[in-house]
Amino acid sequence: MIELHALTKRYGEKVAVDHLTFAVRPGMVTGFLGPNGAGKSTTMRMMLGLDNPTSGDVLIDGRRYAALRQPLRYIGALLEAKAWHGGRSAYHHLLCLAQSNRIPRRRVDEVLRVVGLTGVARKRTKGFSLGMGQRLGIAAALLGDPTILMFDEPVNGLDPEGIHWIRHLMKGLAAEGRTVFVSSHLMSEMALTADHLVVIGQGRLLADTSMAQFIAENSRSYVTVRSPQPERMLDVFNAAGIRAAATGDGGYEVTGTDAAELGELAARYRVTLHELSPRRASLEEAFMRLTAQSVEYHAAEGGGA
Ligand SMILES: Nc1ncnc2c1ncn2[C@@H]1O[C@H](COP(=O)(O)OP(=O)(O)OP(=O)(O)O)[C@@H](O)[C@H]1O
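Residues numbered from 1 in each chain as written. Predicted model: local features only at pLDDT ≥ 70, side-chain atom pairs only at ≥ 80, totals over all residues. Heavy atoms only, no water.

In the annotation of an unreviewed UniProt entry, the protein is listed under the name ABC transporter ATP-binding subunit and assigned to Streptantibioticus cattleyicolor. Annotation of the protein in UniProt includes, under Sequence similarities (unreviewed entry), the sentence "Belongs to the ABC transporter superfamily." (UniProt positions renumbered as here; feature names shortened; annotations may be inferred.)

Next comes the structure, spelled out in structure tokens:
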């Protein structure tokens, strides 16, 4: 369990993390979501004792990071890819880490097997692909057999096979009862992996909710309709107690019914339709709505030079 209490980090005038209070619980994958610059990496660095909070604190199983006697046994983290000495072999890299943290040598072979690097364990890491690098980073995170695992944007730059593997691994670790905390700026990725969701924007907490609840509240379905006889169409819908909202481009968004019912109504009253499309608001859209106020740099929309 990780607990944050009013965690705050300032860089001069800039408030990177602003009074964050939430808990990351064991036995599930918690997704940590926010647009670029939201403060995710800064928060994770403070959780690992790599940065000092300006105020507030983080407790790892009830204790500050600095008070943990063998921190790798409590918390393992994958922060950024390729943060190791390229001249060493994967085996040697992990062995050095194990020895300096009083972790038994047999764990090196175990974690190499878990991440699928046994076959290349004696090769220099300099020639590793991004995917192999991520696997080695994850092996290092698993070395101390920690109860808490933290991954910062672990699927960035990976191919579909690598992404699938990491997803599966994170779920497996959570199923073993571990606390798994993973950051991302992609809602669609989190929807496939996370059981719980913490969303931040400009350092502030925007949501702390179960994934199921977030999906139920945000994956609204509706039908887009278009007709050259809009008034007649709206009269027919109104008479049937169906609500339609203009989309501003000549179309209408209809909720509370489905495309089949609307098509049959239109046919019965001889209303011509030019479009009848069932739609589902994506979770990505819901995430963008939630964080819209907190995005640092908006791209100019539709503007010419
Ligand atoms: N060492 C630093 N000095 C000054 N400002 C910093 C420093 N580190 C981070 N920041 C600022 O704090 C804010 C949060 O940055 P952070 O890297 O934590 O965000 P993030 O959510 O991880 O973003 P990204 O998805 O882009 O990695 C940003 O505005 C960033 O510019």
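Draft legend 1. Local environment of the sheet that holds strand S3 (residues 28-33). Read from one edge to the other, the open sheet built from 6 strands follows the order S5-S6-S7-S3-S8-S9, with strand pairing classed as mixed. On the outer flanks of this sheet lie strand S5 (75-78) and strand S9 (204-210), each paired with one strand and no other. The average angle at which neighbouring strand axes cross in this sheet is 15°, direction not considered. Sheet analysis places S3 next to strand S7 (residues 179-184), joined by 6 bridges and oriented parallel. Across the sheet, the residue bridging to Leu 33 is Ser 184, located in S7. Set on the sheet, helix H7 (residues 211-218) makes contact with strand S8 (196-201) and S9; between it and S9 the angle comes to about 100°. (Pairing = 2+ DSSP bridges. Helix = DSSP H or I, 4+ residues; strand = E, 2+ residues; numbered from the N terminus. Axes fitted to C-alpha atoms, helices over the stretch in contact; angles between N-to-C directions. Contact = heavy atoms within 4.5 Å.)

Draft legend 2. Main features of the packing of H7 against helix H10 (residues 283-291). As a packed pair, H7 and H10 sit with axes 10 Å apart at the nearest point and diverge in direction by 90°. One finds that H7 runs roughly perpendicular with respect to H10. Contacts between H7 and H10 involve Met 211, Phe 214, Ile 215 and Asn 218 from the former and Leu 283, Ala 286, Phe 287, Arg 289 and Leu 290 from the latter. A class-by-class count of the residues in the contact of H7 with H10 yields 7 nonpolar, 1 polar and 1 charged. (Parallel < 35°, antiparallel > 145°, perpendicular 65-115°, else oblique. Nonpolar A, V, L, I, M, F, W, Y, C, P; charged D, E, K, R; others polar.)

Draft legend 3. Up close: the pairing of strand S11 (residues 243-246). Two elements, S11 and strand S12 (residues 252-255), share 4 bridges in a ladder whose sense is antiparallel. Following the sheet pairing, Ala 244 is matched in S12 by Val 254. Where S11 folds back on S12, the antiparallel hairpin that results is connected by 5 residues, among which Gly 248 adopts a positive phi of roughly 95°.

Draft legend 4. Here's a closer look at the nonpolar core. Leu 94, Val 108, Leu 112, Ile 138, Phe 151, Met 187 and Leu 197 are the most contacted members of the largest nonpolar core, which has 47 residues in total. A per-element tally of this core places helix H5 (residues 160-175) first, with 7 residues. Mapped onto the domain boundaries, this core takes at least three residues apiece from domain 1 (2-217) and domain 2 (220-288). Look past the residues within four positions of Leu 197 in its chain and what remains in contact with it is Gly 31, Leu 33, Met 187, Met 190, Ala 207, Asp 208, Thr 209, Met 211 and Phe 214. (Core = buried A, V, L, I, M, F, W, Y, C linked by side-chain atoms within 4.5 Å. Buried < 20%, exposed > 50% of the residue type's maximum accessible area, 1.4 Å probe, protein only. Domains from an automatic or database assignment.)

Draft legend 5. Representation of the sheet that holds strand S1 (residues 2-11) within the structure. One open sheet holds the 3 strands; their spatial order is S2-S1-S4, and the pairing between them is antiparallel. The outermost strands of the open sheet, each flanked by one partner alone, are strand S2 (14-24) and strand S4 (55-60). Shown here is a sheet whose adjacent strand axes are inclined to one another by a mean of 20°, direction ignored. As judged from the 5 bridges shared by S1 and S4, these two strands associate in the antiparallel manner. Bridge pairing in S4 links His 5 to Asp 57. Against the sheet, helix H1 (residues 40-47) engages S1, S2 and S4, with an angle of about 120° to S1.

Draft legend 6. Region of the structure containing the site of the ligand. Lining the immediate environment of the ligand, one finds 13 residues, of which Gly 37, Gly 39, Lys 40, Ser 41 and Thr 42 sit closest. Lys 14 is positioned such that a nitrogen or oxygen atom in its side chain is 3.3 Å from an oxygen atom of the ligand. A distance of 2.7 Å separates an oxygen atom of the ligand from a polar side-chain atom of Ser 41. Isolated, the ligand exposes 640 Å² of accessible area, and the fraction of that covered by the protein chains is 61%. Those elements that provide at least two residues to the shell around the ligand are S2 and H1. A total of 3 residues in the shell around the ligand trace back to one element, the largest contributor, which is H1. Along the lines of polarity and charge, the residues of the shell around the ligand split into 4 nonpolar, 5 polar and 4 charged. (Near = heavy atom within 4 Å. Polar contact = N/O pair within 3.5 Å; in protein donor to acceptor, adjacent residues only side chain to side chain. Areas by Shrake-Rupley, 256 points an atom, 1.4 Å probe, with all protein chains shown as cover.)

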